[in-house]
Amino acid sequence: MKYAGTVAFALLSLATLTGPALAAEPVAIVEVAEVGKGGGLSVLRLPGTVLSTQDAQISAEVTGHLTWVAEVGDLVRKGEPLATIDDHLLQLQLRNDWAEIERLQADIDYNRRQLGRLEALAQQNNTSRSGLDEVQSRLQMLLQQQRIAEVARDRTIHDLGRARVRAPFTGVIVSREADIGEYKEPGDPLLRLVDTQSLEISVNAPLRAVHHNQPESRVQVEGDGRQLLARIRAVVPVGDSQSRMMEFRLTLEPGHWYIGEAVTVELPDSSSTNNLTVPRDALVLRDQEVFVYTLTADNTARKVAVTTSPGQGADVGVEGKLEPGALVVVRGAERLRDGQPVKVNRRRATGSPETPG
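What you see is a predicted model, and the numbers here were worked out from it, not measured in a lab.

## Some thoughts on the environment of Val174
Take Val174: it is sitting in strand β9 (residues 171-176). Assessed through its relative accessible area of 36%, Val174 is described here as partly exposed. Taking the C-alpha atoms as reference points, Val174 and Val194, separated by 20 residues in sequence, lie 6.7 Å from one another. With residues near it in sequence (within four places) discarded, Val174 still touches Val72, Arg192 and Val194.

## A few points about the sheet that holds strand β11 (residues 189-194)
An order of β4-β11-β9-β6 is seen for the four strands of this open sheet, with the pairing classed as antiparallel. With partners counted over all chains shown, the strands left at the sheet margins are β4 (55-59) and β6 (75-76), one partner each. As judged from the four bridges shared by β9 and β11, these two strands associate in the antiparallel manner. Bridge pairing in β11 places Ser175 opposite Arg192.

## Thoughts on the nonpolar core
Counting 23 residues, the largest nonpolar core has Ile58, Leu66, Leu82, Ile173, Leu190, Leu191 and Leu193 as the members making the most contacts within it. Taken together, the elements giving at least two residues each to this core come down to β4, β5 (64-69), β7 (81-85), α2 (88-123) and β11. Counting residues in hydrophobic clusters, the runner-up holds 22 residues, among them Ile201, Ala209, Val235 and Val263.

## As for the sheet that holds strand β15 (residues 245-252)
Taking strand neighbours around the barrel as the criterion, the six strands line up as β3-β12-β15-β14-β13-β16 in a closed arrangement whose pairing is antiparallel. Averaged over all adjacent pairs, the angle separating strand axes in this sheet is 40 degrees, with direction ignored. Summarising the sheet, strand β12 (residues 199-206) and β15 pair through eight bridges and their orientation is antiparallel. Within β15, the residue paired with Ile201 across the bridge is Leu250.

## Description of unusual backbone geometry
Most of the time, phi is negative for any residue but glycine, and the peptide bond is trans. The phi dihedral of Asp224 is positive, around 55 degrees, even though this residue is not glycine. Along the chain, the position of Asp224 falls in the loop between β13 (218-223) and β14 (226-235). Given a relative accessible area of 58%, Asp224 falls into the exposed group. Even without being glycine, Asn299 reaches a positive phi, approximately 55 degrees. Examined against the element boundaries, Asn299 turns out to sit in the loop between β19 (289-295) and β20 (301-312).

## A closer look at helix α3 (residues 129-162)
For α3, which comprises 34 residues, the first-to-last C-alpha distance of 50 Å matches the rise-based estimate of 50 Å (1.5 Å per residue) to within 8%. Those residues of α3 not exposed but buried are Gly131, Leu132, Val135, Leu139, Leu142, Leu143, Gln146, Ala149, Arg153, Thr156, Asp159 and Leu160. The inward-facing, buried residues of α3 contact α2 and β8 (164-166).

## Let's talk about the confidence of the model for the protein
For the protein, mean pLDDT is 85; residues scoring 70 or higher make up 86% of the total. A low-confidence stretch, residues 17-22 stays under pLDDT 50, and its non-local contacts, those more than four residues away or across chains, total zero contacts. Low confidence marks residues 351-357, where pLDDT is under 50. Its contacts with residues over four positions away, or in another chain, come to eight contacts.

## Some words on the side chain of Thr84
Topologically, Thr84 is positioned in strand β7. A polar contact of 2.6 Å, which involves the side chain of Thr84, links it to the side chain of Thr67. Once you skip the residues sitting within four places of it in the chain, Thr84 turns out to touch His65, Leu66, Thr67, Trp68, Ala163 and Arg164.

Here is what the cut-offs are and how they apply
Residues numbered from 1 in each chain as written. Predicted model: local features only at pLDDT ≥ 70, side-chain atom pairs only at ≥ 80, totals over all residues. Heavy atoms only, no water. Helix = DSSP H or I, 4+ residues; strand = E, 2+ residues; numbered from the N terminus. Buried < 20%, exposed > 50% of the residue type's maximum accessible area, 1.4 Å probe, protein only. Contact = heavy atoms within 4.5 Å. Pairing = 2+ DSSP bridges. Core = buried A, V, L, I, M, F, W, Y, C linked by side-chain atoms within 4.5 Å. Axes fitted to C-alpha atoms, helices over the stretch in contact; angles between N-to-C directions. Expected span 1.5 Å × (residues − 1). pLDDT = per-residue confidence, 0-100. Polar contact = N/O pair within 3.5 Å; in protein donor to acceptor, adjacent residues only side chain to side chain.

See the structure below:
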């Protein structure tokens with residue numbers, strides 16, 4: 001009994017000494033931002049598609065057999081060849097055009113000499129006026145025929161240049177519709193060239209969205225875990241009579257998504273409201289509950305339940321027991337507990353969200 005009492009007293013003493021230490025919460029290191037006011041918007045989350053502003057189906061411009069075609073996946077600079085067509089017949093045509101021009105030049109020289117002799121005789125009244133007029137008319141016809149022959153020569157030279165199909169812009173060969181040895185005529189498709197650096201996002205929105213979205217304004221775009229603000233380049237002011245939708249075009253810098261990839265675009269669908277806003281990173285979703293952590297005067301985390309509403313950009317509208325300017329945790333809130341002491345490591349400037357990668 002004496003031994004059991006000693007052990008019980010020792011355990012009680014140990015619990016008394018270690019209880020406060022075990023109960024003490026570890027200090028969490030967090031980043032914070034201020035609660036904002038206003039700027040909350042009702043938004044439409046709409047599907048968009050990334051596309052190129054330059055996407056061309058390249059076709060043959062002259063008749064002949066293909067002697068070379070660029071490979072799929074090749075990056076071709078503007079002005080570089082995409083395909084070549086056998087130009088042997090065009091070379092023969094060019095030689096014939098030059099021969100015709102030289103023949104006409106010989107006739108022109110002869111008629112000019114003849115005209116000079118007749119004019120000399122006419123001054124001496126030794127030739128008829130009709131003969132002189134006939135030579136002058138023949139000379140004018142020959143000069144016109146020479147101009148026509150020169151046009152034919154220039155057209156042949158132009159066709160020779162078109163026998164080597166060149167890239168109208170810098171891009172990547174996406175597909176080939178023809179192969180070496182095939183006989184092609186003007187208009188026959190050869191390949192598809194796409195500029196992968198000049199990108200846009202196409203999104204169809206209800207007609208009412210045009211009242212709250214104008215060119216040059218910026219909207220939120222999400223896709224594949226990435227977020228960014230994109231500028232509205234153009235609003236196509238024509239709606240479809242069946243779907244009641246119209247198209248928006250958003251400028252997109254390369255390096256975020258690939259052509260053809262699907263994204264989600266948030267377009268404002270109402271005027272600004274005066275609700276409170278917090279960064280999206282401040283929201284904590286746990287056990288079907290949405291809340292944020294604010295800081296008390298002694299740097300203790302306090303859990304505040306909120307109801308979210310649509311926002312814009314990196315901010316989201318909220319309703320709850322919050323005041324404008326209050327600090328909310330935006331980094332480190334995932335493992336926080338209500339009443340846990342915190343240490344502020346960094347304070348994010350209001351309205352300066354980090355740009356998503």
